[in-house]
Amino acid sequence: MRLLPLFGIARRHLLHSPFRTALSITGVAIGDCFMVLMSALMAGFETKFVDETVESSPHVTMLDEFRDPPDEFAGWLSDQEGGLVAVESAHPRERVYRIKKPYETLAAIEERPGVAAAALNVVGTSILNFGNREVGAALVGIDPERQDRVVSTDTYMIEGRLADLHSASGAIVLGSGLAERLGVRRGDTIGASLRGSGEAGGREGSTRALRVVGVFKTGLVPVDAVRAYTLVSLAQQLLGLGRDVNRIVVRLDDHTTAQDVAADLEAMVGYRSESWQEQNQNFLSLFNIQTVITYVVTSGITIVAAFGILNVLIMLVLEKLPEIAMLKSMGYTAADVTVVFMLEGLAIGALGVVFGSIGGYWLQQLLASFPIPMKGLIEIEHLIFVDPPRIYAVAALVSFASTVIAACLPALRAGRLDPVVTLRGRA
Amino acid sequence: METRALRRTLGSGENALEILHGLDVVIQPGEFCSIMGPSGSGKSTLMYLLGALDRPTGGQVLIDGIDTKALSEAALADVRNRKIGFVFQFHYLMPEFTAEENVALPMRKLGLARRPALERARELLGLLGLAGKEGRLPGRLSGGEQQRVAIARSLANRPLVVLGDEPTGNLDTKNGELVFALFERLVREQGQTIVVVTHDPRLAARTDRVVRLQDGKVVDDGPARAVLARAGERS
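Here is what the cut-offs are and how they apply
Going along each chain's sequence as written, the residues are numbered from 1 onward. Ligands are numbered from 1 and chains lettered from A, in the order in which they are written. Note on the predicted model: pLDDT of at least 70 is required for a residue's local features to be given, and 80 or more for side-chain atom pairs to be given and counted; whole-chain, interface and lining totals, by contrast, use all residues. Each pair of strands is called paired provided DSSP finds at least two bridges between the two strands. Put simply, DSSP H or I for four residues or longer makes a helix, DSSP E for two residues or longer makes a strand, and each gets a number counted from the N terminus. Lines fitted to the C-alpha atoms define the axes, with helices restricted to the stretch that makes contact. Angles between their N-to-C directions range from 0 to 180 degrees. Orientation categories follow fixed angle ranges, with anything under 35 degrees roughly parallel, anything over 145 roughly antiparallel, 65 to 115 roughly perpendicular, and all other angles oblique. Here a crossing is taken to be left-handed if its near helix is turned anticlockwise relative to the far helix by less than a right angle, and right-handed if that turn runs clockwise. Once C-beta atoms are placed from the backbone, any two residues with those atoms within 7 Å are in contact. For this classification, Asp, Glu, Lys and Arg are treated as charged, while Ala, Val, Leu, Ile, Met, Phe, Trp, Tyr, Cys and Pro are nonpolar and the rest, including Gly, are polar. Exposure classes come from backbone-placed C-beta atoms, where a residue is buried if 20 or more other C-beta atoms lie within 10 Å of its own, exposed if 12 or fewer do, and partly exposed in between. Helix span, expected: 1.5 Å multiplied by one less than the number of residues in the helix. Directions pointing from the helix axis toward each C-beta atom define the arc. What we call a nonpolar core is a set of buried Ala, Val, Leu, Ile, Met, Phe, Trp, Tyr and Cys residues whose membership is set by joining through C-beta atoms within 7 Å. Orient the strands so they point away from the viewer; a crossover is then right-handed if the path from the first strand over the helix to the second runs clockwise. Values of pLDDT, the confidence the predictor places in each residue, fall between 0 and 100. A domain assignment, automatic or from a database, supplies the domain bounds used here.

Looking now at the sheet that holds strand 1 (residues 2-10) of chain B. Residues and elements named next belong to chain B. The strand order across the open sheet built from four strands is 2-1-4-5, with neighbouring strands paired in antiparallel fashion. Edge strands, defined here as strands with exactly one partner in the open sheet, are strand 2 (17-26) and strand 5 (66-67). Judged from the four bridges that link them, strand 1 and strand 4 (residues 58-63) form a sheet pairing that is antiparallel. By the bridge assignment, R4 is partnered in strand 4 with Q60.

On to the packing of helix 3 (residues 99-110) of chain B against helix 4 (residues 114-127) of chain B, then. Residue and element names in this part refer to chain B. Axis separation between helix 3 and helix 4 bottoms out at 8 Å; the angle between their running directions is 120°. Judged on the interaxial angle alone, helix 4 and helix 3 are oblique. Read as a crossing pair, helix 3 and helix 4 show a hand that is right-handed. Together, A99, E100, V103, A104, M107 and R108 of helix 3 and R114, A117, L118, R120, A121, R122, L124 and L125 of helix 4 make up the contact between the two elements. Split by residue class, the contact of helix 3 with helix 4 holds nine nonpolar, no polar and five charged.

A few words on the environment of B:L178. Counting through the fold element by element, B:L178 comes out in helix 6 (residues 173-190). Taking the C-beta count within 10 Å as the criterion, B:L178 has 18 such neighbours and is therefore assigned partly exposed.

Attention shifts here to the interface of chain B and chain A. The partner chain A presents 20 residues to the 25 residues of chain B that form the contact. Contributing elements (two or more residues each) for the side of chain B that touches chain A: helix 1 (43-50), helix 2 (73-83), strand 6 (84-88) and helix 3 of chain B. Of the residues assigned to the side of chain B that touches chain A, the class counts are 13 nonpolar, five polar and seven charged.

It is worth spelling out the pairing of strand 3 (residues 32-36) of chain B at this point. Residue and element names in this part refer to chain B. In terms of burial, strand 3 is a largely internal element, five of the five residues being buried. Side chains F32, S34 and M36 project from strand 3 onto one buried face, and the interleaved C33 and I35 project onto a second face that is buried too. Summarising the sheet, strand 3 and strand 8 (residues 193-197) pair through four bridges and their orientation is parallel. Across the sheet, residue C33 finds its bridge partner in strand 8, namely V195. By the bridge criterion, four bridges tie strand 3 to strand 9 (residues 209-214) in an arrangement that is parallel. From the neighbouring strand, M36 faces strand 9, where its bridge partner is R212.

Residues and elements named next belong to chain B. The first and last C-alpha atoms of helix 4 sit 20 Å apart over 14 residues, in line with the 20 Å expected at 1.5 Å per residue. Within helix 4 the residues assigned to the buried category are A117, A121, L124 and L125. In a view along the axis of helix 4, the buried residues occupy a sector of 100°, so they form one face of it. The outward face of helix 4, more than 90 degrees from its buried face, is lined by the exposed residues R115 and P116. Those residues of helix 4 that are buried lie in contact with helix 3 and helix 5 (143-155).

Quick look at unusual backbone geometry now. Positive phi, close to 45°, is recorded for A:K101, a residue that is not glycine. Within the secondary structure, A:K101 sits in the loop between helix 3 (73-79) and helix 4 (102-111). Its identity as a non-glycine residue notwithstanding, B:D215 has a phi of 50°, on the positive side. Looking at the element boundaries, B:D215 is found in the loop between strand 9 and strand 10 (217-223).

The biggest cluster of nonpolar side chains holds 130 residues, and the ones touching the most others in it are A:I309, A:F341, B:V103, B:L125, B:A152, B:F183 and B:V195. With 16 residues, helix 2 (residues 18-56) of chain A is the single largest residue contributor to this core. In this view, B:L125 contacts B:A99, B:E100, B:V103, B:L130, B:A131, B:E134, B:V149 and B:A152; residues no more than four positions away in its chain are not counted. In this structure, A:V115, A:V213, A:V232 and A:V250 belong to the second largest nonpolar core, which totals 58 residues.

Here we come to the pairing of strand 7 (residues 161-165) of chain B. Within a regular strand, side chains alternate between the sheet's two faces. Residue and element names in this part refer to chain B. Burial runs high along strand 7: five of the five residues are buried. With burial as the criterion, each face of strand 7 is covered, one bearing V161, L163 and D165 and the other bearing V162 and G164. Two elements, strand 6 and strand 7, share five bridges in a ladder whose sense is parallel. When the sheet's bridge partners are listed, I84 is paired in strand 7 with V161. Here strand 7 runs beside strand 8; their pairing, made up of five bridges, is parallel. Opposite V162, over in strand 8, you have I194 as the bridge partner. Taken together, strand 7, helix 6 and strand 8 constitute a β-α-β crossover, and its handedness is right-handed.

With that out of the way, let us pick up the confidence of the model for chain B. Reading fine detail from the predicted coordinates is not recommended where pLDDT is low. On average, chain B scores 91 in pLDDT, and the residues at 70 or more come to 99%. Scoring the predicted complex yields pTM 0.74 and, for the interface, ipTM 0.91.

Sheet strands pair by backbone hydrogen bonding; their relative direction is either parallel or antiparallel. All names here are of chain B. On the basis of which strands lie adjacent, the open sheet formed by six strands has the order 6-7-8-3-9-10 and mixed pairing. Strand pairing shows two members of the sheet lacking a second neighbour, strand 6 and strand 10, which therefore form its edges. Direction aside, neighbouring strands of the sheet carry axes that sit 15° apart on average. Contacts from helix 6 reach strand 3 and strand 8, with the element oriented near 155° to strand 8.

Another point: the domain arrangement of chain A. Residues and elements named next belong to chain A. The domain boundaries assigned to chain A delineate domain 1 (3-54 + 283-426) and domain 2 (58-73 + 94-279). Its C-alpha centre places domain 1 at a distance of 51 Å from the equivalent point of domain 2. In this assembly, nine residues from domain 1 lie in contact with nine residues from domain 2. Among the elements that line the side of domain 1 that touches domain 2, the one with the most residues is helix 2, at three residues. Residue composition of the side of domain 1 that touches domain 2, by class: four nonpolar, two polar and three charged.

Quick look at the structure:
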């Protein structure tokens, strides 16, 4: 088969009807463009979320609990068959959890290869109040210097510094959302309810005055809305934990290894250790679902465009019936004729993908330049797009493949046309 | 070119319609032959079979000694490309190609490069009185000129035979005469074998031989004047 003359015929067919050809190319380009745009937008949100998470949260968090807690005796008893005892409405025993030998554990963790830094935390919930406003907060007791090596909180400070926690005996740093809900700024004094349990707990129901020495904003709305930092000793006092520590937070050299490292640490120490992926698995699976939905919707656009091409090529074949018959009478084979129409489909697909990719890139730049503030899972000032080559490649593949498949039917039909039937019909 | 006991049936079973009933026709090299007959007599079917566009239901079509029935689709297409030139009632020129590009199409299929193909195309168009119009699209040519381009295209690969299926059927008298004059010239000057289907006895009279078909059978075959005279006496 000599392809050059077939290229020539396909090219002339396309150029002879520029409007029809442009329409087909536009159809493919729109599908490709929106697939690139939506994929880049989804990737942008996901990347922003992951980046903020791995920067503002520990890569691995060791908790003061076990993944498979020991069975309660009452529960075990009620599960036994053939016994004489039935236990109903059994409540789990109240148990003060803590990480035993925290400093030894911390040292062991820091020695593990791949661990960049680790810090002890005291974590619990506390009610903060300012005037008549009361807001629940996730209180995190930290050593500011150690903590900053694990979580880059200092870079997210919008008022004050993390080290300012040392500046007063009751200093607290609030997330921006939390500060907003309380209506406080740096320098204000707020109250924190004391919890009475624990060896060195305060008086139940009393409050402790705290001075707001800083405000941070990670951009992760769920974090900024509830998290507050104090020194470890203050958190222990507020949460009624005595001198216990209930978290060890870890930063890794490579955050992508968090799941493996968490599993290793859990095997090594026994305490439940969660990677940042596990802690955020709900959001990450939401992103996965969104990505699938994006691809389904944009593939739908591409398929609609492919049907457009199918229509255009069927019309072209019907219009060219006499010419196809003539080509065959000149000695062009069925395969030659099929190739001509396939080449037309390929050209439409290829040009559509090129223009679609350019359009997708250009639209990203355009939309990213408009201020579109949004506050949801993350807080942004404008749309974020991330467009690795993979996004363009997938969109191109889907668009091109659907175009080629759409071109197959009319091309094969053109090839199979019996010239005698056409010529008899025209005679 | 020869047919032996050539039969062609369209459809099958109860709907089968036998178009040709065992035709034996021999076309000699350099012959200018016309095929005549009423509508439905099988003229066009015979042309498609002679031109390897269709396959016989029975019997044989021999083109340059090759039995077309035994050939694959690709081999049949190659026979059409090398040995047959078609001219139909409608010119079937590619509207997107210029006159010379249309003429070059069979040569390009044969494997000739674009430049020599276009040179020969210009040569043929010049021979047929279309010098200076090689670069025009078919839409910018008159009906007669379009049909002359189609004739040039049929001659492109120096075929064994040119088959014309009512090539003047869509032309006015003047252009019809012109096309037939061209055919005569090609036969007399270049020894080209030409077989044409025509309804027009005046044009048929200008050919060497007339084969008359009726109901799929040859009812008369001989020198044009004699066959036409016998046909005149019968009517």
